[in-house]
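# Analysis of the macromolecular model
If you want the building blocks of each chain, they are given just below.
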Amino acid sequence: MVERTTERLCDTYDRKLFSETRDRLIQEKQAPKFSENATSVLTMRYFQKDSEGKPIEDSRGLIARVAAYIGMAEHTYNKDGEKVYSTIEDFYNIMAAGDFLPNSPTLMNAGRENSRGLLSACFVLPVEDSIDRIFSAVRNTALIQQAGGGTGFAFDRLRPTGDRVSSSGGTTSGPISFMKVFSEATSAIQQGAFRRGANMGMMDITHPTILSFIYAKTNNNSFGNFNLSVKITDKWMEEFLKDRDSPHIVVNKRDQREYYIPRGTDVKAYGLGNLISAEVGKEVPQNSYTKGEIWDMMMRNAHHGAEPGIVFIDKMNRDNPTPEIGEIEATNPCGEQPLLPYESCNLGSINLGNFIIGEQGNRKIDYERLGKTVELATRFLDDVVDVNNYPLEEIDEISRGNRKIGLGVMGFADMLTMLRIPYGSEESFKIGRDVMGYIRKTGDKTSENLAEERGVFPNYEKSIFKEKTKRRNAATGSVAPTGTISIIANSAGGIEPLFALVLTHKDGEGNKRLRIDRNLENDLREEGFDDQGIELILEELKKRKSLKDIKGIPEWMPKVYVTAHDLIPEQHIMMQAAFQENTDASISKTINYSNDASVEDIGKGFILAYE
């Protein structure tokens, strides 16, 4: 690939102005009131350090650095310096309060000395069917992951194992062998990267090497930094649901020849030569796999190790905002951001637990302040596109062309406990729809206003919005898992239920941190428990995940302080569906099953998700 050479704002911004703005914020603004856990994480991974590895900034310096750097984009559209500074102050305030935080690469890299300046978290890179293109993609992966980004790939374009290679006269080793190269490259760069590298690998269910893909992570440590998902079309699902016994047909994309896969095939060592040609008019071999059997393979592996996942690829492309530019073929590692080849997206999350007002018994969502925060966060993320330093010209072109941003949420479970609404109840689903609907409506309106102020995104005329609504961004919403930033914000992750009320968090470096639910102690005090009583309850909660069966707890508390393991899978799925209704990208959400869940239970969950 060609290195990006085009002059961009990230190359030409006034470094002196940035430094002056950052220093002014440090002098004038109050320091963030981050928790001890948050400060520990920031010190370890986010603060700038000197040559000896000692921090040379604190929480206030970090937030000031990020706000000032992102705010440099504002000078492009507004020549009133003090008005621009006021906007930058607003950026500082919403981050310092923990109301909003951008994805980790932005916190790590924005304004940092000697940084590549990559601010996006999500990328999809094409893997094309040639040695040169494959290893170019490996190199590009290393550049992205070294700066803290995650990468997704579709391996559909690679010819199947055993297919001929015309240039050498031999046969190809197939997609799985090349996936291992990507995995090894990720492992190799992790030592010097800001955070652990992550990949998403996808393959179409009709690819001839699909069995090897389905079993790639069983008894194999080669893909520890990969999530794997099988892409399934509506046609395949409809045929499977109608007739489980219908034959499963795979297609070699190189020549469009169709094949059956014989039963008993060695899933780890078969090639094209082991398949049975599906010639027109020829009777279906009795010993070939059916769709139902392929489905069962996926479900058994998902039951065993939670993978592979399933992607309903036609649904994603029906919602593709720029179909004239290309088709969506993969997502980022956690699945919340479907992207075109070379496309990227920068994410940010609003901490919903910070937007509850009123006394107990009369609490409500502060929609007015939430709306103002959404407006600022949308503006912030749009500015990120301008100051971002993309590693490749192809990524630069399509990312700026579509200007996708992903504004999501964290702390939804905190919001529910403060409102005393049980997670998984019908009322909680309604709150999810209402809150995300409000965020989407406000984010879209802000994007429309930015289009009037700054112009539409360059690929607007090739989008679904042309001749309808002017927009600055091809997409505005996405719900990420918010792993580390939820620790910084002291919130529950994404739209997940509380995993446990008291837990020990162990990071990638082996450091352990005790995390106590942000609202639990306050509610226990309101119920009359003293320090000693609270301490005893917290000690009990270190041994178990919920308040159930702890003596003396008020009846309402176990019902409201619902943890992931108190819920049935259908409740998890319905919550994801509630948020997906108002999210124009996708959702990262864990579906928890009990230890005694069967393979059939897993299958029912996937079918419910499809429905």
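Residues numbered from 1 in each chain as written. Predicted model: local features only at pLDDT ≥ 70, side-chain atom pairs only at ≥ 80, totals over all residues. Heavy atoms only, no water.

### Here's the deal with the overall build of the protein
So the rule is basically this: Think of it this way: any DSSP run of H or I at least four residues long counts as a helix, any run of E at least two long counts as a strand, and we number them from the N terminus. All radius of gyration figures rest on C-alpha atoms, and the globule criterion is 2.2 Å times the number of residues raised to 0.38. The buried label applies to any residue whose accessible area, calculated with a 1.4 Å probe on protein chains only, is under 20% of its type's maximum; exposed applies above 50%, and partly exposed to all values in between. Contact criterion: two residues are considered in contact whenever any of their non-hydrogen atoms come within 4.5 Å of each other.
Each helix and strand in the protein was counted, giving 23 helices and 17 strands. Over its C-alpha trace the protein gives a radius of gyration of 25 Å, about what one expects of a compact globule, namely 25 Å for 611 residues. Structurally, the protein occupies a C-alpha span of about 75 × 65 × 55 Å along its principal axes. Considering the protein as a whole, with its 611 residues, one finds that 57% of them fall into the buried category. When contacts within the protein are restricted to residue pairs at least 6 apart in sequence, those whose partners lie at least 24 apart make up 73%.

### Details of the side chain of R400
Note the following rule: Under the rule applied, a polar contact is a pair of N or O atoms within 3.5 Å (in protein, one hydrogen donor and one hydrogen acceptor; residues adjacent in sequence only if both atoms are side-chain atoms).
For R400, the location among the structural elements is in helix α15 (residues 393–402). By relative accessible area, R400 is classed as buried at 9%. Engagement of the side chain of R400 in a polar contact is seen with the backbone oxygen of N388, the distance being 2.7 Å. Side-chain polar atoms of R400 contact the side chain of D396, separated by 3.0 Å.

### A closer look at the state of the cysteines
This is how it is decided: A pair of cysteine sulfur atoms is labelled a disulfide when the two atoms are within 2.5 Å.
The full count for this structure, using the stated rule, is zero disulfides. Not engaged in a disulfide, the cysteine C122 finds its nearest cysteine sulfur in C345; these two sulfurs lie 5.8 Å apart. Taking relative accessible area as the criterion, C122 reaches 1% and is therefore assigned buried.

### A closer look at the environment of Q286
With respect to the secondary-structure elements, Q286 resides in the loop between β8 (276–277) and α12 (291–305). With relative accessibility at 66%, the residue Q286 sits in the exposed group. Sequence separation between Q286 and P262 is 24 residues, and the spatial gap between their C-alpha atoms is 8.7 Å.

### Some remarks on the packing of helix α14 (residues 367–387) against helix α17 (residues 426–454)
Just so we agree on the cut-off: Here the axes come from fitting lines to C-alpha atoms, over the contacting stretch only for helices, and the angles between their N-to-C directions go from 0 to 180 degrees. In this scheme, roughly parallel covers angles under 35 degrees and roughly antiparallel covers those over 145, while 65 to 115 is roughly perpendicular and the rest are oblique. Crossing chirality is assigned from the near helix's rotation relative to the far helix, an anticlockwise turn below a right angle marking it left-handed and a clockwise turn marking it right-handed. Amino acids are sorted into nonpolar (Ala, Val, Leu, Ile, Met, Phe, Trp, Tyr, Cys and Pro), charged (Asp, Glu, Lys and Arg) and polar (every other residue, Gly among them).
Remark: α14 packs on α17, axes separated minimally by 9 Å, with the N-to-C direction vectors making an angle of 50°. The orientation of α14 relative to α17 falls into the category oblique. Here α14 runs over α17; the crossing is right-handed. Along the contact surface, α14 presents Y367, L370, G371, V374, E375, T378, R379, D382 and D383, while α17 presents D434, V435, Y438, I439, T442, G443, T446, S447, L450, E453 and R454. Of the residues contributing to the contact of α14 with α17, the split by class is seven nonpolar, six polar and seven charged.

### Let's talk about unusual backbone geometry
Cis geometry is adopted by the peptide bond preceding P308, which originates at E307 and carries an omega value of 10°. Relative to the elements of secondary structure, P308 occurs in the loop between α12 and β9 (309–312). The phi dihedral of Y342 falls on the positive side, at around 75°, and the residue is not glycine. Note that Y342 resides in the loop between β11 (338–339) and β12 (344–351). The exposure class of Y342 is buried, given its relative accessible area of 13%. Non-glycine residue R420 carries a positive phi angle of around 55°. Looking at the secondary structure, you find R420 in the loop between α16 (412–419) and α17. The exposure class of R420 is partly exposed, given its relative accessible area of 26%.

### Topic: the packing of aromatic side chains
Just so we agree on the cut-off: Between the rings of Phe, Tyr and Trp (Trp by its six-membered ring), a pair exists once the centres lie within 6.5 Å; its type follows the angle of the planes, with under 30 degrees stacked, over 60 edge-to-face, and the other angles tilted.
The tally for this structure, following the rule as stated, stands at 19 aromatic pairs. The interplanar angle of 55° and the centroid separation of 4.7 Å between the aromatic rings of F153 and F182 together place this pair among those described as tilted. A residue pair is termed long-range when its members are at least 10 positions apart, and F153 in strand β3 (residues 150–154) and F182 in helix α9 (residues 175–189) qualify at 29 residues. On the basis of relative accessible area, F153 is assigned to the buried category, the value being 0%. The exposure class assigned to F182 is buried, which follows from its relative accessible area of 0%. Taken together through their ring pairs, the aromatic side chains of F153, F155, F182, F223 and F226 make up a single cluster.

### Quick notes on the sheet that holds strand β7 (residues 257–260)
Across a sheet, paired strands are connected by hydrogen bonds in the backbone, their directions being either parallel or antiparallel. Stated precisely, the cut-off is as follows: For two strands to be treated as a pair, DSSP must find no fewer than two bridges joining them.
Within the open sheet, the three strands sit side by side as β6-β7-β8. Their pairing is antiparallel. Of all strands in the sheet, those with a lone pairing partner are β6 (249–252) and β8, marking the two edges. Where β6 lies against β7, four bridges are found, and the strand directions are antiparallel. From the neighbouring strand, I249 faces β7, where its bridge partner is Y260.

### Some details on the confidence of the model for the protein
Here is the rule: Every residue is assigned a pLDDT by the predictor, reflecting its confidence on a scale from 0 to 100.
In the predicted model, the protein carries a mean pLDDT of 92, and the fraction of residues at 70 or more is 95%. Within the model, pLDDT remains below 50 along residues 1–6, and this stretch shows 23 contacts once partners closer than five positions in the same chain are excluded.

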